[in-house]
Amino acid sequence: MEKNYSVGYDVAEDLTHGIKAHSVIVADFVYPQDAEDFIVKCMPQENQKRFFVEAKFNKERIYPVK
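Residues numbered from 1 in each chain as written. Predicted model: local features only at pLDDT ≥ 70, side-chain atom pairs only at ≥ 80, totals over all residues. Heavy atoms only, no water.

**Concerning the side chain of Glu54**
Right, so step 1: Structurally, the position occupied by Glu54 is in strand 3 (residues 51–55).
Right, so step 2: Under the relative-accessibility criterion, Glu54 is labelled buried at 12%.
Right, so step 3: Once residues within four sequence positions are removed from consideration, Glu54 is found in contact with Asn4, Tyr5, Ser6, Lys59, Glu60 and Arg61. (Helix = DSSP H or I, 4+ residues; strand = E, 2+ residues; numbered from the N terminus. Buried < 20%, exposed > 50% of the residue type's maximum accessible area, 1.4 Å probe, protein only. Contact = heavy atoms within 4.5 Å.)

**Considerations on the side chain of Gln48**
Right, so step 1: With respect to the element layout, Gln48 can be found in the loop between helix 1 (32–42) and strand 3.
Right, so step 2: At 3.0 Å, the side chain of Gln48 forms a polar contact with the backbone oxygen of Val40.
Right, so step 3: There is a polar contact of 3.0 Å between the side chain of Gln48 and the backbone oxygen of Met43. (Polar contact = N/O pair within 3.5 Å; in protein donor to acceptor, adjacent residues only side chain to side chain.)

**A short note on the sheet that holds strand 3**
Right, so step 1: What the four strands build is an open sheet, ordered 2-1-3-4; its pairing is antiparallel. Single-partner strands in this sheet number two, and they are strand 2 (22–29) and strand 4 (61–62).
Right, so step 2: Pairing analysis gives five bridges linking strand 1 (residues 5–11) to strand 3, with the strands arranged antiparallel. Across the sheet, the residue bridging to Ser6 is Glu54, located in strand 3. (Pairing = 2+ DSSP bridges.)

Dropping the structure here:
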């Protein structure tokens with residue numbers, strides 16, 4: 001099965017250290033629910049709001065944790 005959903009987070013630009021704004025993908029999944037579960041079960045609660053699920057076929061981002 002093709003992995004169509006990614007979990008990632010955004011990195012803010014920091015010109016002092018020469019870092020450009022970008023996104024980091026940390027995991028890929030077949031089903032969106034598995035990606036959401038990964039965020040909820042594997043990321044510390046205080047950081048969960050930073051993570052998103054991105055559908056590879058349309059680049060739509062979902063921020064599942066409120």
